[in-house]
Number of protein chains: 2
Amino acid sequence: MKKVTMADVAKEAGVSKSTVSQFLNKRFEYMGENTKKRIEEAIEKLGYQPNFIARSLKQKRTSMIAIIVANILHYFSTGIIRAIEDFCRDHDLHAIVCNADDQPDQERRYIEMLRAKQVDGMIIFPTGKNRDLYEQMVREGYPVVFVDRQTGLDHAYSVVTDNAAATCQAIKQLIGQGHQRIAFVVQPLMVSTRKGRLEGYRKAMEDAGLPVDPDYIVESPVDEVKSRLESLFASKERPTALFAGNDRMFLAVMEFIKEKGLVLGEEVDLVVFDNIPFARLMDHPITFIEQPAAEMGRKAAELLFEQINGGKPEPEEYVFPSRMVQANPPAGPALPGNRVDPERK
Amino acid sequence: MKKVTMADVAKEAGVSKSTVSQFLNKRFEYMGENTKKRIEEAIEKLGYQPNFIARSLKQKRTSMIAIIVANILHYFSTGIIRAIEDFCRDHDLHAIVCNADDQPDQERRYIEMLRAKQVDGMIIFPTGKNRDLYEQMVREGYPVVFVDRQTGLDHAYSVVTDNAAATCQAIKQLIGQGHQRIAFVVQPLMVSTRKGRLEGYRKAMEDAGLPVDPDYIVESPVDEVKSRLESLFASKERPTALFAGNDRMFLAVMEFIKEKGLVLGEEVDLVVFDNIPFARLMDHPITFIEQPAAEMGRKAAELLFEQINGGKPEPEEYVFPSRMVQANPPAGPALPGNRVDPERK
DNA sequence: TTGTACGCGTTATCAT
DNA sequence: ATGATAACGCGTACAA
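In this text the structure is predicted, and so the values were computed from the model without any measurement.

Section: the overall build of chain A
Reasoning step 1: In terms of helices and strands, chain A carries 12 helices and 12 strands.
Reasoning step 2: Based on the C-alpha atoms only, the size of chain A along its principal axes is roughly 90 × 40 × 35 Å.
Reasoning step 3: When the 345 residues of chain A are sorted by exposure, 51% land in the buried category.
Reasoning step 4: Intrachain contacts of chain A at a sequence separation of at least 6 include 66% that bridge at least 24 residues.
Reasoning step 5: Taken as a whole, chain A presents about 16,300 Å² of accessible surface, with 49% of it coming from carbon and sulfur.
Reasoning step 6: Here chain A contributes 46 positive and 50 negative side-chain charges, whose respective centroids are spaced 6 Å apart.

What follows is the structure, given as structure tokens:
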């Protein structure tokens, strides 16, 4: 019940605290075989467990890093987290995960708390609204890596995907299939990822000489998407394809499609930025843009690890490519009625 | 860049460390207005941040609790975690999450590490294989709450659901719909939840006077389920209904159903223990058994909190009821061809 | 009302 | 090879 300390072990083994400390830190070079054994036995007998808190106080390092994730509900986030944890397991680090729930205040609270707790470094999915904090950390040389979203800061380490390029490619594929009215459904454009994806959409449309109708750009919180789509479908010519900005948008869009009784692959095609675990269960063709979460998480962890150990990795920004994944590629005829043959223009 | 300590603040403000400490702990009772202001300014000027590590060492409490989850991939787990985090936010605690990945060794590693890190208590989804460790913690009076699964330990706090009763009810519903050959698909029966669910299945079958054919009890790791079902469907009379032991089993079972081209609600009915976020997107009728994750998480956090503060909550075991949720209740005729009218026996 | 001095459990630096 | 002692940054009697 009582905490047993190094001093207890030392007394039990008939040696001094420092010798016990040496033992624990595996500095056996000058240690006699039998003192070693005596200490071992004392530890065993007393059930001694070292106190990390005390060690951290002395060493000024906690062997803990923190992951501050903007929203843990994204499947992509958990993929990154798992990769970081794997890295940590192999490098004698421990990761603690905090969920900002898309709220900048929470993010700020966590960052401040974690620095007070002396975590050795952080990997942050920035909400985007705490630039002053981000900047301060970078300026002070505190180890930090930004993931998924860009901060616009100089000399900040970041790991992101090619949002614009991947989206552009996917939209071009839709256009190639004959789609001309493509709605772009996205959460409020506060963060770099969403802006990048929109940019890719714009580029694809413009490259194809298609108009970018602002009405087809549905910028809305997740819980309002259905009604926004409802009005879009009521007031305008219906889009023949939809782009969902991430996995949570996808759920909302799917609910809309289901309630509306639309048939995917016939009345409407769908592209989703993000992969999801149940993609294979979908009964209809959908295109998912998959980001390499595992590689990204690993790279972020590596970058942080190097900084913690005093390194200055180069380069500072890593951009990973995404790839398209087809769920249930359509087997039927090439051009359902709602599309325009791109050759027949 | 340099860490600024209480001593620096004291010097800057021209007072002593203890006065600064009083200030930080809001013991203003006997403090002069102007010393107070001077300290405030000094803190501001130096950008002082208290060091939690040092505080923890002194106070023997870290204000951190740990959640050790058997497998974070379960949707149910994340629901519980979120509820615990909410509670912590309101009680000046911080929760750190560790994923044992269903591996008892990992669980053991985490538990030992976290105790060394002096976390104030733990909420554990036990893998089931570390009884000695669990028992030791309970015996030492270390604050701990077990969630989801039972340990079989006396005087251990636990929060679980009525696995047997809920399963029994769901199976009875299937039987009431005319099903007689119901396959029970579950991961290896190492933990109490799975055993409880099987017990509920058995009871429902026996109560209805139906045979419990061991071939219909498919006990298998997730990644082997498909082939196990394959052989079952090849060698025996096909089951007309399936029970999936949890959400991951559900994914595997659905893949099987899809590959096999079976039509849910017609050729086969499905009951799943666990709810999932995309239940509403399913195109076919499925019954989900939903556990009250939020309430369970909250209760677990409360039980832990009370223990940390020296309380001995009563009772020790909390059993929460689950409820059935229908996705896409069938609108069509009551008795498709593959079922037997229960009245016509 | 404020300051002094010690303890928390460990590691680091010297001695021995 | 091992031991004595001083940090680490904070909280807290107790003294002033």
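Alright, that's what it looks like, and here's the rest.
Remarks on unusual backbone geometry
Reasoning step 1: With an omega dihedral of -10°, the bond running from E314 of chain A to P315 of chain A counts as a cis peptide bond.
Reasoning step 2: Looking at where P315 of chain A falls in the secondary structure, it is placed in the loop between α12 (293–308) and β11 (317–320).
Reasoning step 3: Phi angles above zero are rare outside glycine, and D101 of chain A is one such case at about 60°.
Reasoning step 4: By the element assignment, D101 of chain A lies in the loop between β2 (94–99) and α6 (104–116).
Reasoning step 5: Exposure remark for D101 of chain A: the relative accessible area of 23% places this residue in the partly exposed category.
Reasoning step 6: In this structure, K26 of chain B takes a positive phi of about 60° despite not being glycine.
Reasoning step 7: Counting through the fold element by element, K26 of chain B comes out in the loop between α2 (17–24) and α3 (33–46).
Reasoning step 8: With a relative accessible area of 63%, K26 of chain B lands in the exposed category.

Concerning the packing of aromatic side chains
Residues and elements named next belong to chain A.
Reasoning step 1: Under the defined criterion, the tally for this structure stands at 14 aromatic pairs over all chains.
Reasoning step 2: Ring centres 5.2 Å apart and planes at 65° place the aromatic pair Y134 and F146 in the edge-to-face group. Taken together, the residues span a long stretch of sequence, with Y134 in helix α7 (residues 131–140) and F146 in strand β4 (residues 144–147) at a distance of 12 residues. Each member of the pair, Y134 together with F146, is buried.

Some points on the protein's contact with DNA strand D
Reasoning step 1: The immediate surroundings of DNA strand D are formed by 25 residues, with T19, Y30 and K58 of chain A together with M6 and Y48 of chain B found nearest.
Reasoning step 2: Near-protein atoms of DNA strand D (within 4 Å) split between backbone and bases, with sugar and phosphate holding 64%.
Reasoning step 3: Contact between DNA strand D and T35 of chain A: a phosphate oxygen at 3.0 Å from a side-chain N or O atom of the residue.
Reasoning step 4: Counting residues per element, the surface near DNA strand D draws most heavily on helix α4 (residues 52–59) of chain B, at four residues.
Reasoning step 5: A breakdown of the residues in the surface near DNA strand D according to their chemical character gives eight nonpolar, 12 polar and five charged.

Focus: the packing of α2 of chain B against α3 of chain B
Residue and element names in this part refer to chain B.
Reasoning step 1: Where α2 contacts α3, the axes come no closer than 11 Å and their chain directions differ by 90°. By the angle between their directions, the pair α2 and α3 is classed as roughly perpendicular. On α3, the residues that touch T19, V20, F23 and L24 of α2 are K36, I39, E40 and I43.
Reasoning step 2: The residue makeup of the contact of α2 with α3, split by class, is five nonpolar, one polar and two charged.

Considerations on the protein's contact with DNA strand C
Reasoning step 1: Of all residues adjacent to DNA strand C, which total 25 residues, the nearest are M6 and Y48 of chain A together with S16, T35 and K58 of chain B.
Reasoning step 2: In DNA strand C, atoms within 4 Å of the protein come from the sugar-phosphate backbone in 64% of cases.
Reasoning step 3: Within the contact set of DNA strand C, a phosphate oxygen lies 2.9 Å away from a side-chain nitrogen or oxygen of S21 of chain A.
Reasoning step 4: The greatest single-element share of the surface near DNA strand C, amounting to four residues, is contributed by helix α4 (residues 52–59) of chain A.
Reasoning step 5: A breakdown of the residues in the surface near DNA strand C according to their chemical character gives eight nonpolar, 12 polar and five charged.

A few points about the relation of the copies chain A and chain B
Reasoning step 1: With an RMSD of 0.2 Å, the operation that places chain A on chain B is a rotation of 180° combined with a shift of 0.0 Å along the axis. Both copies are brought into coincidence by an operation consistent with a two-fold rotation axis. For chain A, the smallest separation between a C-alpha atom and the rotation axis is recorded for I96 of chain A, amounting to 2.7 Å.
Reasoning step 2: Comparing contact sets, 100% of the residues at the interface of chain A also lie at the interface in chain B, consistent with an isologous, same-surface contact.

Re the UniProt feature "domain: HTH lacI-type" (unreviewed entry) in chain A
Reasoning step 1: According to UniProt, the feature "domain: HTH lacI-type" (unreviewed entry) maps to residues 4–59 of chain A in the numbering used here.
Reasoning step 2: Between the first and last C-alpha atoms of residues 4–59 of chain A the distance is 21 Å; the span itself is 68% helix and 0% strand.

Section: the nonpolar core
Reasoning step 1: Of all hydrophobic cores here, the largest spans 101 residues; its most connected members are F250 and L270 of chain A together with F250 and L270 of chain B.
Reasoning step 2: Look past the residues within four positions of F250 of chain B in its chain and what remains in contact with it is A244, L270, V272, I276, F278, M282, I286 and F288 of chain B.
Reasoning step 3: Grouped together as the second largest cluster of nonpolar side chains are 42 residues, I68 and V138 of chain A together with I96 and Y110 of chain B included.

Let's talk about the pattern of salt bridges
Reasoning step 1: In total, this model carries 41 salt bridges over all chains according to the counting rule given.
Reasoning step 2: The salt bridge involving D101 of chain A is made with R82 of chain B; its shortest N-O contact spans 3.5 Å. Residue D101 of chain A is found in the loop between β2 and α6, and its partner R82 of chain B is found in helix α5 (residues 75–90); the two belong to separate chains.
Reasoning step 3: A residue is classified by how much of its surface remains accessible, and R82 of chain B, at 29% relative accessible area, is partly exposed.
Reasoning step 4: The residue D215 of chain B makes a salt bridge to K236 of chain B at a minimum N-O spacing of 3.2 Å.

Parameters at a glance
Residues numbered from 1 in each chain as written. Chains lettered and ligands numbered in written order. Predicted model: local features only at pLDDT ≥ 70, side-chain atom pairs only at ≥ 80, totals over all residues. Heavy atoms only, no water. Helix = DSSP H or I, 4+ residues; strand = E, 2+ residues; numbered from the N terminus. Buried < 20%, exposed > 50% of the residue type's maximum accessible area, 1.4 Å probe, protein only. Contact = heavy atoms within 4.5 Å. Areas by Shrake-Rupley, 256 points an atom, 1.4 Å probe, with all protein chains shown as cover. Lys, Arg positive; Asp, Glu negative; His and termini not counted. Charge placed at Lys NZ, Arg CZ, Asp CG, Glu CD. Phe/Tyr/Trp six-rings, centres within 6.5 Å; stacked < 30°, edge-to-face > 60°. Near = heavy atom within 4 Å. Polar contact = N/O pair within 3.5 Å; in protein donor to acceptor, adjacent residues only side chain to side chain. Nonpolar A, V, L, I, M, F, W, Y, C, P; charged D, E, K, R; others polar. Axes fitted to C-alpha atoms, helices over the stretch in contact; angles between N-to-C directions. Parallel < 35°, antiparallel > 145°, perpendicular 65-115°, else oblique. Least-squares fit on C-alpha atoms with pLDDT ≥ 70 in both. UniProt positions renumbered as here; feature names shortened; annotations may be inferred. Core = buried A, V, L, I, M, F, W, Y, C linked by side-chain atoms within 4.5 Å. Salt bridge = Lys/Arg side-chain N within 4 Å of Asp/Glu carboxyl O.

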